[in-house]
Amino acid sequence: MSFITVCCHINENSCFVNGETVLHKNEESPDSWFKQLYKELGIEYPKFYKMDMLSQGGFIGSEFIKRAKPDLISKYKDDEIALLFANSKSSADTDIRFKESFLEKKTPSPSLFVYTLPNIVLGEISIRNKWFGENMFAILPKFTPDFFVQYGTILLNTGSKAMLAGWLGISEGRVQVFMFLVETENTNGEKFDAENILKYSGL
Amino acid sequence: MIFIGAEEIISPLGQNMEENFLSVYENRSGISLIPHAGFNDESIHLSKIAGIPNYNKFEFLIIDILEKVLKQVDPSIVLSKKTIVIISSTKGDLDRNISNPFADSITAFVKYFELANEPIVVSNACISGVLAINAAGNFIKSGLYDHAIVLGCDVISDFVLYGFQSLFAVSAKPCAPFDVDRDGITLGEGCSAVVLSSSKEIFQKSSFQLLTGTSANDANHISGPSRTGEGLFRSVKKTLEQNHIDGNEIDFISAHGTATVFNDEMEAIAFERLEINEKPLNSLKGYFGHTLGAAGVIETAISLQMMRNNLLVKSLGYKESGTSKTLNIATENKSSELNTILKTASGFGGCNASLVIRKI
């Protein structure tokens, strides 16, 4: 049996961990919303500034989940935490920016191109935490709790002991990030099933 | 047991599996110099499919390949609630709708075949194909589905070509995987399919056993392979352990072999660490180019054909060893009893995946 032990939501102007507000967007701040969240985390990770918004969103969510679960890194081996992420529009925002770089600016930008794959965020989170576990990024027409339960259960039955899962709806100015941690060895949470995912997600 | 078969390929080398394997058997490449194809009008080597409409190409290919596949299996499985379709692709139908690159073509595809379940798109860079086959195998193993159809497809676009050019990753000549003079990838396009099932009765021809594998991240760099081959090493090690296979049982490795300096070196290091670097190995990129999300499926399909024909196919473009660890690269076609094949893939985002296929 597996349990959802932490969840994190980020929308256009608020961030919640386990349903409690962590930060509201300060409209007066010169910093972007994701940069405000990064500063709230109080970490030093300059690579954050190189990431596109999809990776920044996933990175921030993973850091807030770790903050709520400080033993996450020490408790599991470096290949026991699987990453299962999805959205419906792949890396569309960065794709559009990369296309502009060669159509309008006449110079295809390599630093944008490397972010034109949705699974790069999985690489960013893996690098940050030195996690060598299972990775999958899927594109689904809409947020589908069954997908996370079905494939998540498979991952948790084939060697992974925890799973960081996420729906990263970040495109055209909209932010709909829902990330959650599923653990097999920690019963201090809600049962990992489609009903609870739907309830927690608020999507 | 999970059965795998009914492999199909559409590529510059042919419109179906038979034509494609014949081309590979004859060591013909789909790569040619395309004038003015690249950024700033540069002429570029590509493996590009001729004679199909550019309009909605992705949709055309995924429909066409499934039509072909359904002639090789019990066609009723396509309508079944116990069948899942998994599509592996990096960029889908990007030129049709960059804001939503999969929606239109997948909707049309679902409607055309009246699929009972919404397909899952696996978009995990260059391991998408191998990951999709593993996911399909896992879905069947778990009992959620009885059958899975895995389609891999990516088409060439200015977007992807200019991107690889901007990274200086495109070879000036047809790509030469593992060769000392390799200098980058040659992009390709193609579409390929395999069918997986818990029943061998659905296949018209013989099928093989899929031993589902694992994926592992390098945790090292988002666009450069690990210098130690860590993720690939871990993925293959786990795949072999979970299936209780000793490295010595592998008859052949269908490697990723993109022909970039660093990727091929990384693979050689990983295979040496795994002590399987003496096993015969090839990369099929010299035939098909790098077809990104389709590559893992195309290369698995060719591996099945190699097993059917007990023929080890030459690694096209390879002449002289160009990696720090010695590999046993197939320099010519060779008849060989192939019972157990290891397929690997690695990609941007530091991802790696592997699977094993066995003759029954």
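Residues numbered from 1 in each chain as written. Chains lettered and ligands numbered in written order. Predicted model: local features only at pLDDT ≥ 70, side-chain atom pairs only at ≥ 80, totals over all residues. Heavy atoms only, no water.

1. Overview of helix H5 (residues 158–166) of chain B
- Most of H5 of chain B is tucked away, with eight of its nine residues classed as buried.
- The complete set of buried residues in H5 of chain B reads Phe159, Val160, Leu161, Tyr162, Gly163, Phe164, Gln165 and Ser166 of chain B.
- Turning to H5 of chain B, the residues buried within the fold contact helix H4 (92–103) and helix H5 (110–113) of chain A together with strand S3 (44–47) and strand S7 (187–188) of chain B.
- With its phi angle positive at about 55 degrees, phenylalanine 168 of chain B sits one or two positions after the end of H5 of chain B. (Buried < 20%, exposed > 50% of the residue type's maximum accessible area, 1.4 Å probe, protein only. Helix = DSSP H or I, 4+ residues; strand = E, 2+ residues; numbered from the N terminus. Contact = heavy atoms within 4.5 Å.)

2. What about empty space enclosed by the protein?
All names here are of chain A.
- Under the criterion given, the structure shown has four cavities of 30 Å³ or more.
- By volume, the largest cavity amounts to about 50 Å³.
- If you go around the largest cavity, the residues you meet are Asp52, Met53, Leu54, Ser90, Ser91, Ala92, Asp93, Thr94 and Ile170.
- Counting only elements with at least two residues in the lining of the largest cavity, the list comes to helix H2 (53–68) and H4.
- No other element matches H4, which puts three residues into the lining of the largest cavity.
- The class makeup of the residues in the lining of the largest cavity is four nonpolar, three polar and two charged. (1 Å grid on protein atoms, 1.4 Å probe; cavity = no way out; pocket = protein on both sides within 12 Å on 5 of 7 lines; lining within 4 Å. Points joined across faces, edges and corners; volume = space filled by probe spheres on them. Nonpolar A, V, L, I, M, F, W, Y, C, P; charged D, E, K, R; others polar.)

3. A short note on the interface of chain A and chain B
- Across the boundary between the two partners, chain A contributes 48 residues, which contact 48 residues of chain B.
- When the area that chain A buries against chain B is broken down by residue, the three leading residues are Phe113, Phe132 and Ile139 of chain A, summing to 15%.
- On inspection of chain A and its partner chain B, the count reaches two salt bridges.
- The shortest N-O distance in the salt bridge between lysine 91 of chain B and aspartate 95 of chain A comes to 2.7 Å.
- Scanning the region where chain A abuts chain B turns up 17 residue pairs in polar contact (both at pLDDT 80 or more).
- Elements supplying a minimum of two residues to the side of chain A that touches chain B: H4, H5, helix H6 (120–129), strand S5 (135–139) and helix H7 (145–157) of chain A.
- By residue class, the composition of the side of chain A that touches chain B is 25 nonpolar, 13 polar and ten charged.
- Here S5 of chain A pairs with strand S5 (residues 120–122) of chain B via two bridges, running antiparallel. From the neighbouring strand, alanine 138 of chain A faces S5 of chain B, where its bridge partner is valine 122 of chain B. (Buried area = accessible area lost by both parts, 1.4 Å probe. Salt bridge = Lys/Arg side-chain N within 4 Å of Asp/Glu carboxyl O. Polar contact = N/O pair within 3.5 Å; in protein donor to acceptor, adjacent residues only side chain to side chain. Pairing = 2+ DSSP bridges.)

4. Notes on the layout of surface pockets
Residues and elements named next belong to chain B.
- Its volume calculated, the largest pocket comes out at about 590 Å³.
- In this structure, the largest pocket is lined by 35 residues; those nearest its centre are Phe164, Ala169, Ser223, Thr260 and Phe348.
- Counting residues per element, the ones that place at least two in the lining of the largest pocket are H5, helix H7 (261–273) and strand S16 (340–347).
- Counting residues per element, the lining of the largest pocket draws most heavily on H7, at four residues.
- For the lining of the largest pocket, a count of residues per class yields 17 nonpolar, 15 polar and three charged.

5. Re the packing of aromatic side chains
Residue and element names in this part refer to chain A.
- Applying the stated criterion across every chain, the model contains 24 aromatic pairs over all chains.
- Aromatic pair tyrosine 45 and phenylalanine 59: ring centres 5.2 Å apart, planes at 10 degrees, arrangement stacked. Taken together, the residues span a long stretch of sequence, with tyrosine 45 in the loop between helix H1 (33–41) and H2 and phenylalanine 59 in helix H2 at a distance of 14 residues.
- Taking relative accessible area as the criterion, tyrosine 45 reaches 11% and is therefore assigned buried.
- Ring centres of phenylalanine 143 and tryptophan 167 lie 5.7 Å apart, and the angle between their planes is 75 degrees; on these two criteria the pair is classed as edge-to-face. Of this pair, phenylalanine 143 sits in the loop between S5 and H7 while tryptophan 167 sits in strand S6 (residues 162–171), and the two are 24 residues apart along the sequence. (Phe/Tyr/Trp six-rings, centres within 6.5 Å; stacked < 30°, edge-to-face > 60°.)

6. Some words on the domain arrangement of chain B
Residue and element names in this part refer to chain B.
- Split by domain assignment, chain B resolves into domain 1 (3–174 + 187–202) and domain 2 (208–358).
- Once you take the C-alpha centre of each, domain 1 and domain 2 turn out to be 19 Å apart.
- Taken together, the 52 residues of domain 1 in the interface contact 45 residues of domain 2.
- The contact between domain 1 and domain 2 buries some 3600 Å² in all, and 71% of this surface belongs to carbon and sulfur atoms.
- Three residues, Ile4, Phe21 and Cys126, lead the burial of domain 1 against domain 2; their summed loss comes to 18% of the area buried on that side.
- Our count for the domain 1 to domain 2 interface comes out at one salt bridge. (Domains from an automatic or database assignment.)

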